[in-house]
Amino acid sequence: MALYVQKFGGTSVGSVERIKAVAEKVKGFRDNGHQVVVVVSAMSGETNRLIGMANEINDEPTPREMDMLVSTGEQVTISLLAMALHKIGVPATSYTGSQVGIQTDSAHTKARIQRIETDELQSDLDDGQVVVVAGFQGVDEEGNITTLGRGGSDTTGVALAAALKADECQIYTDVDGVYTTDPRVCSKAQRLETITVEEMLELASLGSKVLQIRAVEFAGKYNVPLRVLSSFEDGPGTLIVADSDQDEDSMEEPLISGIAFTANEAKLTLLNTPDVPGVASRILGPIADANIEVDMIVQNVAPAGDYTDFTFTVAKGDYKQTLKILNEQVLPDLGEGEVKGDDNIAKVSLVGVGMRSHAGVASKMFRVLAEENINIRMVSTSEIKISVVIDEKQMELAVRALHKAFGLDKADIESEE
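Values in this document were obtained by computation on a predicted structure and should not be read as measured data.

What follows concerns unusual backbone geometry. For Asn-223, which is not glycine, the phi dihedral falls at a positive 55 degrees. Position of Asn-223 among the secondary structure elements: in the loop between α9 (213-222) and β11 (226-230). Despite not being glycine, Asn-272 has its phi angle at roughly 60 degrees, a positive value. By the secondary structure assignment, Asn-272 is in strand β13 (residues 258-274). Of the residues examined, Asn-272 reaches a relative accessible area of 44% and is grouped as partly exposed.

With that settled, the discussion passes to the domain arrangement of the protein chain. Domains assigned within the protein chain are domain 1 (3-173) and domain 2 (258-406). Each of domain 1 and domain 2 has a C-alpha centre, and the two are 38 Å apart.

Where helix α7 (residues 152-164) meets α9, the axes come as close as 8 Å, and the angle between the chain directions of the two elements is 15 degrees. Comparing the axis directions of α7 and α9 gives the class roughly parallel. Between α7 and α9 lies a crossing whose hand is left-handed. Facing Asp-154, Thr-155, Val-158, Ala-159 and Ala-162 of α7, the residues of α9 in contact are Arg-214, Ala-215, Phe-218, Ala-219 and Tyr-222. Residue composition of the contact of α7 with α9, by class: 7 nonpolar, 1 polar and 2 charged.

The positions that UniProt labels "binding site: substrate" (unreviewed entry) are, in the present scheme, Thr-47 and Glu-74. The greatest C-alpha distance among the annotated residues, which extend across 28 residues, is 8.9 Å, indicating that they converge on a single site. Examined against the element boundaries, Thr-47 turns out to sit in helix α2 (residues 46-57). Ignoring sequence-local partners within four residues, the contact set of Thr-47 consists of Ala-42, Val-70 and Arg-150. Mapped onto the elements of the fold, Glu-74 is located in helix α4 (residues 72-87). What Glu-74 contacts, discounting residues up to four positions off in sequence, is Val-40, Ser-41, Ala-42, Ala-134, Gly-135, Phe-136, Gln-137 and Ser-153. Within the structure, the side chain of Glu-74 is placed 3.1 Å from the backbone nitrogen of Ala-42, a separation counted as a polar contact.

Right, let's talk about the pairing of strand β1 (residues 3-8) for a bit. Along β1, 6 of the 6 residues are buried, which leaves the element largely enclosed by surrounding structure. Here β1 shows two buried faces, one formed by Leu-3, Val-5 and Lys-7 and the other by Tyr-4, Gln-6 and Phe-8. Bridge count between β1 and strand β2 (residues 35-40): 6 bridges; the pairing is parallel. Looking at the pairing, Leu-3 lines up with Gln-35 of β2. Handedness of the β-α-β unit built from β1, helix α1 (residues 16-31) and β2 comes out right-handed.

Analysis parameters
Residues numbered from 1 in each chain as written. Predicted model: local features only at pLDDT ≥ 70, side-chain atom pairs only at ≥ 80, totals over all residues. Heavy atoms only, no water. Helix = DSSP H or I, 4+ residues; strand = E, 2+ residues; numbered from the N terminus. Buried < 20%, exposed > 50% of the residue type's maximum accessible area, 1.4 Å probe, protein only. Domains from an automatic or database assignment. Axes fitted to C-alpha atoms, helices over the stretch in contact; angles between N-to-C directions. Parallel < 35°, antiparallel > 145°, perpendicular 65-115°, else oblique. Left-handed = near helix turned anticlockwise from the far one by under 90°. Contact = heavy atoms within 4.5 Å. Nonpolar A, V, L, I, M, F, W, Y, C, P; charged D, E, K, R; others polar. UniProt positions renumbered as here; feature names shortened; annotations may be inferred. Polar contact = N/O pair within 3.5 Å; in protein donor to acceptor, adjacent residues only side chain to side chain. Pairing = 2+ DSSP bridges. Right-handed = clockwise from strand over helix to strand, strands pointing away.

Here it is, written out as structure tokens:
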């Protein structure tokens, strides 16, 4: 007998018929003697509908009331799923985040889980019940309902799996696993059997939308086996593991596991800034004060005592605000310089733990892009990642070319076998 925590996203519970299908899937696990905790999101479109109504009433609603409102979406789903389980003879009890004891801090709309009380939940499991928990939400020390931010149901699932020491946390979604890249962009993308937590963290942070990054962090921190599966078809999915070397007899790790990309990037450059100590802090300090995250940073080398150019990227949604901060706060402070910006860029990244033991990945990447006449604007690297900034219009071409060049195309893999 194993204990599984199963999380179903909004698409998976998007209608009454789909909720019934989830109930049948859960019943199958229970009939095989397993204990099951189910974490569900709101039905697809429901959270957006609630937010839309809030904005019609007040375009700046308080975060506390927003949490009170949007948390109701999951409450609908848990009760309907519990009813569906009862209908097919499966004892089940539904709980909101506060009822099940998910304690968070008080950062409304982006709360972080601090602890989970599992006594009552474990008692229900021992009594043979399926426990259905509302994802995405918890309660702070004052008893206020909080939410964990977009995609927070993934985090709820992994956190419950960690607290209960579950055998596996299964994330059911509308894809059948983690792919080498987005199949909608590259038709020859292949599903990965396994991927390391490190690689999944990089892919999630670089634009892959399969899993929320906080959920992957949780899985890595508490060593929770995490599997991505399809709600709509059977299959093994993709297992996310802590260590790529769990099997000593396994083949050497592939050089590249996946290619992530995002067009949600904007680039800003300060030209002719003084090349003196403290300038970077004076540039980025006001941006950090505005709670804007900076991604890639490049500072050109300048002749001694001269001027330099300072370039960095932010999310495209923060572009206009960042541009305003640079013009109204930073330039007056520096006393000189000029700002240039570009929000028509994209970031393409190669990810793979195999990079640690292989040289020449960057040079091959640059050669492939050059052969496609794709100009590189910026470069950023880590032990298992290489990212480049290019023109947005060339993003899909770059992804397909790199996917083929690094042997990730499905046809190439099948021919090798």
